[in-house]
Number of protein chains: 2
Amino acid sequence: MSEPQSPEPALIIQGDSPTGTRDEDAADGIQHSHRMLSFSDALLSIIATVMILPVTHTEISPEQFDKSIQKLLATRIAVYLMTFLIVTVAWAAHTRLFQVVGKIDDTLALLNLACMMTITFLPFTFSLMVTFPEVPLGIFLFCMCVIAIGAVQSYLLMATVIFLPYVSKASSWCKGRLVGPQEPAAHSVEFFTFDLHEPLSKERVEAFSDGVYAIVATLLILDICEDNVPDSKDVKEKFHGSLVAALSEYGPHFLAYFGSFATVGLLWFAHHSLFLHIRKATQSMGLLNTLSLAFVGGLPLAYQQTSAFAQQPQQELESVRVSCAIIFFASIFQFAIWTTALLHEAETLQPSARFGGREHAFMFAKLALYPCVSLLAFASTCFLSRFSAAIFHLTQIAVPFAFLLLRLLVRLALAPLHALQGLSLPAHRSEGSEDDARAPLLPSAY
Amino acid sequence: MSEPQSPEPALIIQGDSPTGTRDEDAADGIQHSHRMLSFSDALLSIIATVMILPVTHTEISPEQFDKSIQKLLATRIAVYLMTFLIVTVAWAAHTRLFQVVGKIDDTLALLNLACMMTITFLPFTFSLMVTFPEVPLGIFLFCMCVIAIGAVQSYLLMATVIFLPYVSKASSWCKGRLVGPQEPAAHSVEFFTFDLHEPLSKERVEAFSDGVYAIVATLLILDICEDNVPDSKDVKEKFHGSLVAALSEYGPHFLAYFGSFATVGLLWFAHHSLFLHIRKATQSMGLLNTLSLAFVGGLPLAYQQTSAFAQQPQQELESVRVSCAIIFFASIFQFAIWTTALLHEAETLQPSARFGGREHAFMFAKLALYPCVSLLAFASTCFLSRFSAAIFHLTQIAVPFAFLLLRLLVRLALAPLHALQGLSLPAHRSEGSEDDARAPLLPSAY
């Protein structure tokens, strides 16, 4: 359907782009910033997310759940959320900066690393601020870091905008003397005007999100490896040397792990499907994405809660509710990205995902699946007294199959429609197809 | 110098490639696997590296450094190294697989997630194996995981190689009916033959390495945030409410943090510069890269050691030596990648980095800097009795300036050579330039 755009770009994309232009630039000491950007994205996303670890590492034995621990927990959650917000803002500034800065040399790469180092130090200053609210040192350090980041970034900007034209002019002059005359002006102008629009932004949103999902999935297994390998003394004394018996003690933990990993994986999958159909990411979509990611970052907390409180029935129900709420918010913000994109669908979405497009109904079902499941699970904890963490985790593990079924059911529902279309209008999409398809789709989610 | 390759690909790379072909494929339910691959890379690199955390979290107070703790530490280091190796092998298999599998649909994406989940479970089974060497359960679980990964991957391969031709044939038939006749055969054949060579491999090596460097840099700040925020009670009682005095207690930790971050950042920078000049990554270069990364993953241990043992002079020297050894091996393997690349320079390197190329001398100096610095620091610990962890960390912090100086010195050394070249042969490089440049470069590293 979108034939005119690029008939056979496979060779151009995969073969020439990473190697073709680079050599020329590397020879000038000026490099494409692509890999530096993805490294920065990985670093920033991990820093934003990893501050959930102090929250999950807070020791809570259910008996002595007193005020001081509650306060500590609240403090650490605040640190996590604020760190996430601050680092995301720093990332957004970084993105905007490198939409203007097209290429970098070694000095700028080193400055970027210094900038990253200062950003990694932000969470510490923020912890200080929260732990000692009455001492101004924390705020002072925090402000110093922010000023340093701002200084480095504005230096980068100035250095590039002011000096890069001279550098490129000088290098083109040298090249002109060595190789012979050519037209370098058109090339560099093209680059700059193109970078002032937002071609990288969607890629960088994807890279940042990937980093968050990847680190969240990994933090889960870290807890399993650190806490759930039984002690060899314990195995001998308590379980008479039976490792299987010792491991079955931890059964709920493993169930919780697989359930949580499935949830993180599928939220990533939904995000991936969504951004496959998005052409351009606007500011408001970026904000909604950040909110969604902040809740995704809270998933290790949900895992910790539901696996730690597997004994007390009352607290178990409460922790399942917390998990449902976290999953609900993470997925509903994804859904909100899509609805926001639909508002300006001509700019932001691919044709196939727009109203009446082939993939529209399927995307709707895909993104609505998790909000519905988590709402249902939440409702179940209120009405069914027998609902437990184990059932919750089994539901989480079952959701991937719902996704597979979804695909099948959408295909089945759309097949007669397509056949009808094929008979009436060969190369045209009917405007009402998504409304017809939606009704049979949603019940299939469960 | 490499003008004929691609005169103005800027627009094609940044504009069309991510959006142009995707829509067409997304409409078929078949997607480019690019983002899924980078997510897998991030996940696998983090899993490979994060197992260093149990090693660094082993509590060692210098007094009770007895056998049992030594054994625990050795066990955990073994788990880390083996996990790194196994996950890297799994990653290599994944890379090979997706060099054949060009595109994926939803089912394959979900299967890939299942595969990732099984891989994340490997470190746990390995911990079990090491903690209970006499019980076969650990080995059994480990083998089950490996079989499951193999089954999923071979299913992916079969599904793609056997069924994808039918899928693409069917979709091209549908498209032919809807849009009109065209030549789809050339397109799909082009895609497959191109994927059988290794166009993605270098990109994926970069992505995997980026993930490792990013997570290592982040693990450092995590320790700072968890351990080095002083307790408010302590501050009141011990330091009479002075936060600055309390923080100055942790002074060596902060110095160690900045030093370690600078080292990780610059090792990434060297890696980045190196791969900018590499055209194609061979198997042996990939192996050397893995070895280098395994030592990079050990850097948090070096940080932990040098910051924890800042009191005892004998153990301090020993821990500085361990750090030097880790940095030396991490950087010497990077250097080895370059020498291996030079053996087949026509295939593997860009023209400017080959013998006699413009960037050859500079790359040599860049990659030789860290091995030399770490060797010198190691030697200093043997000969100078006053060498301390603080001096070591200050050296680490000073290295970035050496890098900046390096650039300047190389330029100064090459300027007269270029002028001579410009006078004698306008468009030609002299064969001896790198030998002349090398001599003044190496001493500048210190």
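No experiment lies behind these values; they were computed from the predicted model shown. (Residues numbered from 1 in each chain as written. Chains lettered and ligands numbered in written order. Predicted model: local features only at pLDDT ≥ 70, side-chain atom pairs only at ≥ 80, totals over all residues. Heavy atoms only, no water.)

Draft legend 1. Region of the structure containing the overall build of chain A. Each helix and strand in chain A was counted, giving 18 helices and 2 strands. Here chain A holds 446 residues, and the buried ones make up 55% of them. Within chain A, residue pairs in contact and separated by at least 24 positions form 81% of the contacts whose partners lie at least 6 positions apart. (Helix = DSSP H or I, 4+ residues; strand = E, 2+ residues; numbered from the N terminus. Buried < 20%, exposed > 50% of the residue type's maximum accessible area, 1.4 Å probe, protein only. Contact = heavy atoms within 4.5 Å.)

Draft legend 2. Layout of the domain arrangement of chain A. Residue and element names in this part refer to chain A. Domain annotation for chain A reports domain 1 (30-58 + 66-172) and domain 2 (199-417). Counting residues at the interface gives 24 residues for domain 1, matched by 21 residues for domain 2. With both sides pooled, the region where domain 1 packs onto domain 2 buries about 2,000 Å², and carbon together with sulfur makes up 73% of that total. It is Thr-56, Phe-84 and Trp-91 that lose the most area in domain 1 upon contact with domain 2, and together they represent 24% of the buried surface on that side. Taken together, the links from domain 1 to domain 2 amount to 1 salt bridge. Here Asp-41 makes a salt bridge to Arg-204, at a shortest N to O gap of 2.7 Å. (Domains from an automatic or database assignment. Buried area = accessible area lost by both parts, 1.4 Å probe. Salt bridge = Lys/Arg side-chain N within 4 Å of Asp/Glu carboxyl O.)

Draft legend 3. Geometry of helix H12 (residues 283-297) of chain A. In this model H12(A) runs 21 Å from its N-terminal to its C-terminal C-alpha over 15 residues, within 8% of the 21 Å that 1.5 Å per residue would give. Those residues of H12(A) lying buried are Met285(A), Leu288(A), Asn289(A), Thr290(A), Ser292(A), Leu293(A), Ala294(A), Val296(A) and Gly297(A). (Expected span 1.5 Å × (residues − 1).)

Draft legend 4. Expanded view of the packing of aromatic side chains. Applying the stated rule across the entire model yields 37 aromatic pairs over all chains. Taking 5.4 Å as the distance between ring centres and 45 degrees as the angle between the ring planes, the aromatic pair formed by Phe121(A) and Phe124(A) counts as tilted. Remark: Phe124(A) and Phe121(A) occur in helix H5 (residues 106-131); sequence separation between them is 3 residues, near one turn of the helix. For the pair formed by Phe121(A) and Phe124(A), the shared burial category is buried. Where Phe254(A) meets Phe121(B), the ring centres are 6.0 Å apart and the plane angle is 75 degrees; that geometry is what we call edge-to-face. One end of the pair, Phe254(A), is in helix H11 (residues 251-276); the other, Phe121(B), is in helix H5 (residues 106-131), on a second chain. Judged by relative accessible area, which is 13%, Phe254(A) ranks as buried. Through pairs of rings, three or more aromatic residues link up here, namely Phe121(A), Phe124(A), Phe254(B), Tyr257(B), Phe258(B) and Phe261(B). (Phe/Tyr/Trp six-rings, centres within 6.5 Å; stacked < 30°, edge-to-face > 60°.)

Draft legend 5. The environment of Leu219(A), seen in detail. Residue and element names in this part refer to chain A. Looking at the secondary structure, you find Leu-219 in helix H8 (residues 201-227). In this structure Leu-219 comes out as buried when scored by relative accessible area, which is 3%. For the pair Leu-219 and Gly-297, spaced 78 residues apart in the sequence, the C-alpha separation amounts to 9.9 Å.

Draft legend 6. Representation of H11(A) in the model. With 26 residues, H11(A) ought to run about 38 Å at 1.5 Å a step, and its terminal C-alpha atoms sit 37 Å apart, in line with that. Summarising burial for H11(A): 22 of the 26 residues are buried, a large majority.

Draft legend 7. Spatial organisation of the pattern of salt bridges. Residues and elements named next belong to chain A. Per the stated rule, a full pass over the model turns up 4 salt bridges over all chains. Lys-202 is the salt-bridge partner of Glu-206, the closest N and O atoms lying 3.6 Å from each other. Taken together, the residues Glu-206 and Lys-202, both in helix H8 and 4 residues apart, mark about one turn of the helix.

Draft legend 8. Examining the packing of helix H2 (residues 34-50) of chain A against H5(A) more closely. Residues and elements named next belong to chain A. Remark: H2 packs on H5, axes separated minimally by 10 Å, with the N-to-C direction vectors making an angle of 5 degrees. By the angle between their axes, H2 is roughly parallel relative to H5. Residues Met-36, Phe-39, Ser-40, Leu-43, Leu-44 and Ile-47 of H2 lie in contact with H5, whose contacting residues are Ala-109, Asn-112, Leu-113, Met-116, Ile-119, Thr-120 and Pro-123. Here the contact of H2 with H5 is built from residues that sort into 10 nonpolar, 3 polar and no charged. (Axes fitted to C-alpha atoms, helices over the stretch in contact; angles between N-to-C directions. Parallel < 35°, antiparallel > 145°, perpendicular 65-115°, else oblique. Nonpolar A, V, L, I, M, F, W, Y, C, P; charged D, E, K, R; others polar.)

Draft legend 9. Quick look at a nonpolar patch on the surface. Residues and elements named next belong to chain A. Among the surface-exposed residues, Met-82, Leu-85 and Val-89 lie close enough to one another that they form a single nonpolar patch of about 260 Å² accessible area. Mapping Val-89 onto the fold places it in helix H4 (residues 67-100). For Val-89, a relative accessible area of 54% corresponds to the exposed category. (Patch = residues over 30% accessible without salt bridge, like charges linked within 9 Å, V, L, I, M, F, W, Y side chains within 5 Å. Areas by Shrake-Rupley, 256 points an atom, 1.4 Å probe, with all protein chains shown as cover.)

Draft legend 10. Structural view of the nonpolar core. With 240 residues, the main nonpolar core has Phe124(A), Phe403(A), Phe124(B) and Phe403(B) as its most contacted residues. Setting aside chain neighbours within four positions, we find Phe124(B) in contact with Ile224(A), Cys225(A), Asn228(A), Val229(A), Leu247(A) and Phe254(A). (Core = buried A, V, L, I, M, F, W, Y, C linked by side-chain atoms within 4.5 Å.)

Draft legend 11. Geometry of the side chain of His94(A). Residues and elements named next belong to chain A. Note that His-94 resides in helix H4. Here Arg-204 takes part through its side chain, which lies 3.0 Å from a polar atom of the side chain of His-94. Dropping the residues within four chain positions of it, His-94 is found in contact with Leu-37, Ser-40, Asn-112, Met-116, Gln-153 and Arg-204. (Polar contact = N/O pair within 3.5 Å; in protein donor to acceptor, adjacent residues only side chain to side chain.)

Draft legend 12. Spatial organisation of the packing of H11(A) against helix H2 (residues 34-50) of chain B. Across the interface, H11(A) lies against H2(B) with an axial gap of 11 Å and an inter-helix angle of 150 degrees. The angle between the axes of H11(A) and H2(B) places the two elements in the roughly antiparallel class. Considering only the axes of H11(A) and H2(B), their crossing is right-handed. Here Phe261(A), Trp268(A), His271(A), His272(A) and Phe275(A) of H11(A) come into contact with H2(B), specifically with Arg35(B), Met36(B), Phe39(B) and Leu43(B). A per-class count over the contact of H11(A) with H2(B) returns 6 nonpolar, 2 polar and 1 charged. (Left-handed = near helix turned anticlockwise from the far one by under 90°.)

Draft legend 13. Structural context of the environment of Ala207(A). Inspection of the secondary structure assignment puts Ala207(A) in helix H8. We classify Ala207(A) as partly exposed; its relative accessible area is 25%.

Draft legend 14. Main features of the state of the cysteines. Taken as a whole and judged by the stated rule, the model has 0 disulfides over all chains. Free cysteine Cys115(A): the closest other cysteine sulfur is in Cys145(A), separated by 11 Å. Residue class for Cys115(A) comes out buried when judged on its relative accessible area of 1%. Considering cysteine sulfurs only, Cys324(B) is the nearest to Cys382(B), which forms no disulfide, with 9.3 Å between them. (Disulfide = S-S within 2.5 Å.)

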